[in-house]
Amino acid sequence: MAADAEHWNAVYGRREETSLSWHEGDAERSFRLVSGLVGPGERVIDVGGGTSRLVDRLVAAGLGPVTVLDLSDAALGLAKTRLGAAGEAVDWVEADVTGWQPAHSYQLWHDRAAFHFLTDPGDQRRYLAVMDAALAPGGHAILITFADDGPERCSGLPVQRWSPEALAEAVSSALPGRFEAVEAERFAHLTPAGATQNFQTSVFRKLREAR
Ligand SMILES: C[S@@+](CC[C@H](N)C(=O)[O-])C[C@H]1O[C@@H](n2cnc3c(N)ncnc32)[C@H](O)[C@@H]1O
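Rules and cut-offs
- Residues numbered from 1 in each chain as written.
- Predicted model: local features only at pLDDT ≥ 70, side-chain atom pairs only at ≥ 80, totals over all residues.
- Heavy atoms only, no water.
- Helix = DSSP H or I, 4+ residues; strand = E, 2+ residues; numbered from the N terminus.
- Rg over C-alpha atoms; globule rule 2.2 N^0.38 Å.
- Buried < 20%, exposed > 50% of the residue type's maximum accessible area, 1.4 Å probe, protein only.
- Contact = heavy atoms within 4.5 Å.
- Pairing = 2+ DSSP bridges.
- Axes fitted to C-alpha atoms, helices over the stretch in contact; angles between N-to-C directions.
- Near = heavy atom within 4 Å.
- Polar contact = N/O pair within 3.5 Å; in protein donor to acceptor, adjacent residues only side chain to side chain.
- Areas by Shrake-Rupley, 256 points an atom, 1.4 Å probe, with all protein chains shown as cover.
- Nonpolar A, V, L, I, M, F, W, Y, C, P; charged D, E, K, R; others polar.

If you look the chain up in an unreviewed UniProt entry, it shows as Methyltransferase domain-containing protein from Meinhardsimonia xiamenensis.

This is the structure in structure tokens:
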């Protein structure tokens, strides 16, 4: 088991997942974005999905097929148990995204609060190469991270904070001519303990032909 997986399994094992700082009750922001970009029958992946309710919303809306990928089998187990029979159609993948080889082509890649744990530029480039390999031309990537004025650490780990501009630059330098930035917004997340954390959301479209 990778050291990171041990870390994340301990995090999910130690505390009620609804009290973790990133928890949100309904994944409304992500659901709104994803459901605006895909229709029924189009493949969606939630990368570092943890115990997020996004999968519940997508399945209930008849979207997908949905894949949830995470390093932590503890997190995947909690999400699977919560979904019960509704989760049987979900593809649950326990993997480190930076070394993952997608078996399918996806229309939509969603990541809320996983990419920002990659602080090494080599890991960031590996992640972006997997994202490129997984997405169909014309597909979208939604990358939600701590903003440049967000927290410097989370869950005992350092993070890389991103402005939408710096993230767009990182994507274009790792994958020249492959993606265009289509929208970005900043927002504040209220943690279950009542603290405010500044995030940014960036949406990228994979070009049909490399420029
Ligand atoms: C802060 S949590 C966010 C969980 C979920 N996206 C949400 O919004 O509730 C980060 C998640 O990313 C996962 N993660 C961290 N690094 C990862 C990696 N390299 N590959 C796959 N998952 C990873 C962790 O196990 C954890 O579940």
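Asker: How should the overall build of the chain be read in this particular structure?
Answerer: The number of helices and strands found in the chain is six helices and nine strands. Computed over C-alpha atoms, the radius of gyration of the chain comes to 16 Å, within 12% of the 17 Å expected from 2.2 N^0.38 for 211 residues, which places it in the range of a compact globule. Each principal axis of the C-alpha atoms in the chain carries an extent, and together these give about 45 × 35 × 30 Å. Scored against the burial criterion, the 211 residues of the chain give a buried share of 49%. Here the contacts in the chain between residues at least 6 apart in sequence split such that 69% fall between residues at least 24 apart.

Asker: Would you mind showing me how to read unusual backbone geometry here?
Answerer: Excluding glycine, a negative phi dihedral is what most residues carry, and trans is how most peptide bonds are arranged. The omega torsion of the bond from glycine 64 to proline 65 falls at 20°, within 30 degrees of zero and hence cis. Topologically, proline 65 is positioned in the loop between α3 (54–60) and β2 (66–70). Even without a glycine there, the phi angle at alanine 113 is positive, about 70°. Inspection of the secondary structure assignment puts alanine 113 in the loop between β4 (106–112) and α5 (121–134). Judged by its relative accessible area of 13%, alanine 113 is buried. Unlike most non-glycine residues, serine 155 shows phi in positive territory, near 55°. One can find serine 155 in the loop between β6 (153–154) and β7 (157–158).

Asker: How do you make sense of the sheet that holds strand β9 (residues 196–206) when you look at a structure like this?
Answerer: In spatial order, the strands read β3-β2-β1-β4-β5-β9-β8; together these seven strands make up an open sheet with mixed pairing. Because the sheet does not close on itself, it has two edges, and the strands there are β3 (91–94) and β8 (179–190). Geometrically, the sheet is characterised by an average inter-axis angle of 15° between neighbouring strands, direction not taken into account. As paired elements, strand β5 (residues 135–146) and β9 share seven bridges and run antiparallel to each other. Residue pairing across strands places threonine 145 opposite glutamine 200, the latter belonging to β9. Sheet strands touched by helix α6 (residues 164–174): β5, β8 and β9. Its angle to β9, the strand with the most contacts, is close to 35°.

Asker: Help me understand the site of the ligand, please; the structure alone is not making it clear to me.
Answerer: Tyr12, Gly48, Asp70, Asp96 and Arg112 are the nearest of the 18 residues found near the ligand. Here tyrosine 12 contributes a side-chain N or O atom positioned 2.7 Å from an oxygen atom of the ligand. In the model, a nitrogen atom of the ligand is placed 3.0 Å from a nitrogen or oxygen of the valine 97 main chain. The fraction of the free accessible surface of the ligand (600 Å²) that becomes covered by protein chains is 96%. Elements with a minimum of two residues in the shell around the ligand: α1 (3–14) and β2. When grouped by side-chain class, the residues that make up the shell around the ligand number 10 nonpolar, five polar and three charged.

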